[in-house]
Amino acid sequence: HEKTLCSVINEMPLLEKLHIYTADWREVIDLYITSPMSTLWQLVLWGTLTRLPNWILQFPNLVQLSLVSSRLTNDPLNSLKNMPRLLFLGLSYNAYEGETLHFHCGGFQKLKQLSLGSLDQLKCILIDRGALCSLELFSLRELSQLKTVPSGIQHLEKLKDLYIEDMPTEFEQRTAPDGGEDHWIIQDVPHVRIWSEDAEEPLHMFGRSHH
């Protein structure tokens, strides 16, 4: 089936959107795409990957990339950081199974939206000064092991919206405006919303625009 799928995809060089889902989460997406696909702007891969496919880097005009249930053990950011037109990146449902994500200086210069959700092993997010310099929206959801605010988030000068949802109690306490020790790091983001699980209204709303 995979060989057939590869053949079909490689014969459609003018594709704009490509969504690949596995029927079973244990099934591995093992495709080799040779077509450069200069028109492809949206790619969703839902299923296990043994490694980040090199062919993703051959899509020069890719704008949106979502990896879901990929179970990558190596940090994928170093491979993706120089994609020239990438504006949206989503990693969710254990797309990455490592403990640290590191956004290096100079990486993801065009990225405007970053969504990280349900990465059960993630304990630390590091953002170097000079990384993610165009980021406007940052979403953190159900990161059960992340107890502290991403290091370096205060350097994101373009950041407008920070959404925090269903995070550990310790994370919520550290970001709370009433004495949270990490609150100073995010207090100047224009809009911050912190939601607790199953809440109908935000637990906290603050930011520079509320001052």
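Residues numbered from 1 in each chain as written. Predicted model: local features only at pLDDT ≥ 70, side-chain atom pairs only at ≥ 80, totals over all residues. Heavy atoms only, no water.

1. Focus: the overall build of the protein
Then comes step 1: Looking only at helices and strands, one finds 4 helices and 11 strands in the protein.
Then comes step 2: A buried classification covers 46% of the 211 residues belonging to the protein.
Then comes step 3: For the protein, long-range pairs separated by at least 24 residues make up 53% of all intrachain contacts whose partners lie at least 6 apart in sequence.
Then comes step 4: For the protein, the computed accessible surface area is about 11000 Å², with 48% contributed by carbon and sulfur atoms. (Helix = DSSP H or I, 4+ residues; strand = E, 2+ residues; numbered from the N terminus. Buried < 20%, exposed > 50% of the residue type's maximum accessible area, 1.4 Å probe, protein only. Contact = heavy atoms within 4.5 Å. Areas by Shrake-Rupley, 256 points an atom, 1.4 Å probe, with all protein chains shown as cover.)

2. Some details on empty space enclosed by the protein
Then comes step 1: Applying the stated criterion across every chain, the model contains 1 cavity of 30 Å³ or more.
Then comes step 2: In this structure, the largest cavity occupies an estimated 30 Å³ of space.
Then comes step 3: Every residue along the wall of the largest cavity is listed here: Leu80, Lys81, Met83, Leu86, Phe108, Lys110 and Leu111.
Then comes step 4: Of the residues contributing to the lining of the largest cavity, the split by class is 5 nonpolar, no polar and 2 charged. (1 Å grid on protein atoms, 1.4 Å probe; cavity = no way out; pocket = protein on both sides within 12 Å on 5 of 7 lines; lining within 4 Å. Points joined across faces, edges and corners; volume = space filled by probe spheres on them. Nonpolar A, V, L, I, M, F, W, Y, C, P; charged D, E, K, R; others polar.)

3. Considerations on unusual backbone geometry
Then comes step 1: The backbone phi angle of Asn94 is positive, close to 60°, even though this residue is not glycine.
Then comes step 2: By the secondary structure assignment, Asn94 is in the loop between β4 (88-92) and β5 (100-103).

4. Side note on the pairing of strand β3 (residues 64-68)
Then comes step 1: Where burial is concerned, most of β3 is hidden: 4 out of the 5 residues are buried.
Then comes step 2: As paired strands, strand β2 (residues 42-46) and β3 are joined by 5 bridges and run parallel to one another. Residue Val44 lies in a different strand from β3, and its bridge partner there is Ser66.
Then comes step 3: Of the pairings in the sheet, the one linking β3 to β4 comprises 5 bridges and is parallel in character. Residue pairing across strands places Gln64 opposite Phe88, the latter belonging to β4. (Pairing = 2+ DSSP bridges.)

5. Points about the side chain of Ser70
Then comes step 1: Following the sequence through the fold, Ser70 ends up in the loop between β3 and α2 (77-80).
Then comes step 2: A residue is classified by how much of its surface remains accessible, and Ser70, at 0% relative accessible area, is buried.
Then comes step 3: With residues up to four places along the chain from it excluded, the contact list for Ser70 reads Leu45, Gly47, Thr48, Leu49, Asn94 and Ala95.

6. Describing a negative patch on the surface
Then comes step 1: Residues Asp120, Glu142, Glu165 and Glu197 make up a contiguous surface patch of negative charge.
Then comes step 2: Its location among the elements puts Glu165 in strand β9 (residues 161-165). (Patch = residues over 30% accessible without salt bridge, like charges linked within 9 Å, V, L, I, M, F, W, Y side chains within 5 Å. Salt bridge = Lys/Arg side-chain N within 4 Å of Asp/Glu carboxyl O. Lys, Arg positive; Asp, Glu negative; His and termini not counted. Charge placed at Lys NZ, Arg CZ, Asp CG, Glu CD.)

7. Side note on the environment of Glu181
Then comes step 1: Note on placement: Glu181 falls in the loop between α3 (169-175) and α4 (183-186).
Then comes step 2: For Glu181, a relative accessible area of 52% gives the class exposed.
Then comes step 3: The spatial distance from the C-alpha of Glu181 to the C-alpha of Val149 is 9.9 Å, given a sequence separation of 32 residues.

8. What to know about the pattern of salt bridges
Then comes step 1: Counted according to the given criterion, the structure contains 5 salt bridges.
Then comes step 2: Between Glu97 and Arg71 there is a salt bridge; the shortest N-O distance is 2.8 Å. Of the two residues, Glu97 is situated in the loop between β4 and β5 and Arg71 in the loop between β3 and α2; the sequence distance between them amounts to 26 residues.
Then comes step 3: Close ionic contact of Lys123 with Glu99 constitutes a salt bridge, the shortest N to O distance being 3.8 Å. Remark: Glu99 occurs in the loop between β4 and β5 and Lys123 occurs in the loop between β6 (113-117) and β7 (124-127); sequence separation between them is 24 residues.
Then comes step 4: With a relative accessible area of 43%, Glu99 lands in the partly exposed category.
Then comes step 5: Bridged by salt links that share partners, the residues Arg174, Glu181 and Asp182 form one connected network.

9. Brief notes about the nonpolar core
Then comes step 1: By size, the foremost hydrophobic cluster in this structure holds 58 residues, and its most contacted members are Leu43, Ile56, Leu116, Phe138 and Ile153.
Then comes step 2: Those residues in contact with Ile153 that sit more than four places away from it in its chain are Ile127, Phe138, Leu159, Leu162, Ile185 and Ile186. (Core = buried A, V, L, I, M, F, W, Y, C linked by side-chain atoms within 4.5 Å.)

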